[in-house]
Amino acid sequence: MTEETIQEGKKFATIAYITIIGTLIAFYMSQDKKNAFTAFHVRQGLGLWLIYFIIAYMVSGFDSWMISYSFWIFFLALFAYGIIGAVTGKLHKLPIVGDLFQNIFKSLQ
(Lines give C-alpha, C1' and ligand atoms only; values in the text may rest on other atoms or scores of the structure.)
Protein backbone atom coordinates (compact mmCIF):
# COMPACT_ATOMS: atom_id res chain seq x y z
CA MET A 1 0.00 0.00 0.00
CA THR A 2 1.41 3.37 -0.99
CA GLU A 3 1.85 6.37 1.27
CA GLU A 4 -0.56 8.33 -0.94
CA THR A 5 -3.31 5.73 -0.41
CA ILE A 6 -2.79 5.90 3.34
CA GLN A 7 -2.87 9.71 3.43
CA GLU A 8 -6.06 9.81 1.34
CA GLY A 9 -7.78 7.26 3.56
CA LYS A 10 -6.79 8.50 7.03
CA LYS A 11 -9.81 10.76 7.52
CA PHE A 12 -12.43 8.11 6.77
CA ALA A 13 -10.40 5.40 8.53
CA THR A 14 -10.49 7.45 11.73
CA ILE A 15 -14.19 8.20 11.35
CA ALA A 16 -14.87 4.45 11.04
CA TYR A 17 -14.23 3.98 14.76
CA ILE A 18 -16.35 6.89 15.99
CA THR A 19 -19.86 5.46 16.53
CA ILE A 20 -21.57 2.91 14.31
CA ILE A 21 -22.94 5.83 12.28
CA GLY A 22 -19.34 6.93 11.67
CA THR A 23 -18.55 3.48 10.33
CA LEU A 24 -21.45 3.67 7.90
CA ILE A 25 -20.51 7.21 6.84
CA ALA A 26 -16.90 6.16 6.25
CA PHE A 27 -18.06 3.18 4.20
CA TYR A 28 -20.45 5.12 1.98
CA MET A 29 -18.23 8.18 1.55
CA SER A 30 -15.31 6.01 0.45
CA GLN A 31 -17.34 4.18 -2.20
CA ASP A 32 -16.69 6.84 -4.85
CA LYS A 33 -12.94 6.43 -4.66
CA LYS A 34 -12.01 2.98 -3.40
CA ASN A 35 -9.26 3.08 -0.79
CA ALA A 36 -7.75 -0.10 0.65
CA PHE A 37 -6.62 1.65 3.84
CA THR A 38 -10.11 2.96 4.57
CA ALA A 39 -11.67 -0.41 3.71
CA PHE A 40 -9.36 -2.16 6.19
CA HIS A 41 -10.37 0.17 9.03
CA VAL A 42 -14.06 0.10 8.08
CA ARG A 43 -13.99 -3.70 8.41
CA GLN A 44 -12.23 -3.46 11.78
CA GLY A 45 -14.57 -0.73 13.02
CA LEU A 46 -17.74 -2.49 11.87
CA GLY A 47 -16.71 -5.74 13.51
CA LEU A 48 -15.75 -3.97 16.71
CA TRP A 49 -19.07 -2.15 16.91
CA LEU A 50 -21.07 -5.31 16.28
CA ILE A 51 -19.17 -7.23 18.96
CA TYR A 52 -19.61 -4.24 21.27
CA PHE A 53 -23.40 -4.30 20.91
CA ILE A 54 -23.62 -8.07 21.35
CA ILE A 55 -21.50 -8.11 24.49
CA ALA A 56 -23.18 -4.95 25.86
CA TYR A 57 -26.52 -6.71 25.62
CA MET A 58 -25.18 -9.61 27.67
CA VAL A 59 -23.40 -7.37 30.20
CA SER A 60 -26.55 -5.32 30.75
CA GLY A 61 -28.15 -8.38 32.36
CA PHE A 62 -25.65 -8.26 35.23
CA ASP A 63 -26.16 -5.85 38.08
CA SER A 64 -22.49 -5.34 38.82
CA TRP A 65 -20.50 -2.16 38.40
CA MET A 66 -17.28 -4.21 38.25
CA ILE A 67 -18.45 -6.07 35.16
CA SER A 68 -19.74 -2.88 33.55
CA TYR A 69 -16.53 -0.93 34.17
CA SER A 70 -14.40 -3.82 32.93
CA PHE A 71 -16.49 -3.95 29.78
CA TRP A 72 -16.14 -0.20 29.18
CA ILE A 73 -12.39 -0.15 29.80
CA PHE A 74 -11.83 -3.15 27.53
CA PHE A 75 -13.73 -1.61 24.61
CA LEU A 76 -12.28 1.84 25.21
CA ALA A 77 -8.82 0.29 24.83
CA LEU A 78 -9.82 -1.51 21.61
CA PHE A 79 -11.35 1.61 20.07
CA ALA A 80 -8.30 3.66 21.07
CA TYR A 81 -6.04 1.03 19.49
CA GLY A 82 -8.01 1.25 16.24
CA ILE A 83 -8.11 5.06 16.16
CA ILE A 84 -4.39 5.34 16.87
CA GLY A 85 -3.69 2.87 14.06
CA ALA A 86 -5.85 4.86 11.65
CA VAL A 87 -4.31 8.21 12.58
CA THR A 88 -0.73 6.93 12.35
CA GLY A 89 -1.36 5.15 9.05
CA LYS A 90 -0.83 1.60 10.32
CA LEU A 91 -2.67 -1.56 9.37
CA HIS A 92 -2.72 -3.08 12.85
CA LYS A 93 -5.44 -5.67 13.26
CA LEU A 94 -7.31 -5.65 16.52
CA PRO A 95 -6.01 -8.25 18.98
CA ILE A 96 -7.69 -11.68 18.81
CA VAL A 97 -10.62 -10.71 16.55
CA GLY A 98 -8.94 -8.60 13.85
CA ASP A 99 -8.35 -11.51 11.46
CA LEU A 100 -11.91 -12.68 11.96
CA PHE A 101 -13.30 -9.24 11.04
CA GLN A 102 -11.14 -9.07 7.93
CA ASN A 103 -12.44 -12.47 6.78
CA ILE A 104 -16.11 -11.93 7.62
CA PHE A 105 -16.33 -8.49 6.04
CA LYS A 106 -13.94 -9.09 3.11
CA SER A 107 -16.71 -8.18 0.65
CA LEU A 108 -16.61 -4.58 1.96
CA GLN A 109 -14.18 -2.92 -0.42
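Located above this text is the structure these notes cover.
Nothing here was measured: the structure is a model prediction, and the numbers come from that model. (Residues numbered from 1 in each chain as written. Predicted model: local features only at pLDDT ≥ 70, side-chain atom pairs only at ≥ 80, totals over all residues. Heavy atoms only, no water.)

As for the nonpolar core
Grouped together as the largest cluster of nonpolar side chains are 23 residues, with contacts concentrated most on Leu-48, Tyr-52, Phe-75 and Phe-79. Listing elements by their share of this core, those giving two or more residues are α1 (3–15), α2 (19–29), α3 (36–59) and α4 (65–88). With 7 residues, the top contributor of residues to this core is α3. What Tyr-52 contacts, discounting residues up to four positions off in sequence, is Phe-71, Trp-72, Phe-75 and Phe-79. (Core = buried A, V, L, I, M, F, W, Y, C linked by side-chain atoms within 4.5 Å. Buried < 20%, exposed > 50% of the residue type's maximum accessible area, 1.4 Å probe, protein only. Helix = DSSP H or I, 4+ residues; strand = E, 2+ residues; numbered from the N terminus. Contact = heavy atoms within 4.5 Å.)

Details of the environment of Lys-93
Within the secondary structure, Lys-93 is located in the loop between α4 and α5 (98–104). Considering only alpha carbons, one finds Lys-93 and Tyr-81, 12 residues apart in sequence, at a separation of 9.2 Å. In contact with Lys-93, not counting residues within four places along its chain, are Phe-40, Gln-44, Tyr-81, Gly-98, Asp-99 and Gln-102. Within the structure, the side chain of Lys-93 is placed 2.7 Å from the side chain of Asp-99, a separation counted as a polar contact. (Polar contact = N/O pair within 3.5 Å; in protein donor to acceptor, adjacent residues only side chain to side chain.)

A short note on unusual backbone geometry
Both trends apply: most residues other than glycine have a negative phi, and most peptide bonds are in trans. The residue Thr-19 is not glycine, and still its phi comes out positive at about 65°. Locating Thr-19 in the fold gives a position in helix α2. Taking the relative accessible area as the measure of exposure, Thr-19 reaches 40% and is therefore partly exposed. Although it is not a glycine, Ile-96 sits at a positive phi angle of roughly 70°. Considering the arrangement of structural elements, one finds Ile-96 in the loop between α4 and α5.

Side note on the packing of aromatic side chains
Within the structure shown, the criterion is met by 14 aromatic pairs. Its end group placed over the ring of Phe-12, Lys-11 keeps NZ or CZ at 5.0 Å from the ring centre. (Phe/Tyr/Trp six-rings, centres within 6.5 Å; stacked < 30°, edge-to-face > 60°. Lys NZ or Arg CZ within 6 Å of the ring centre and 35° of its normal.)

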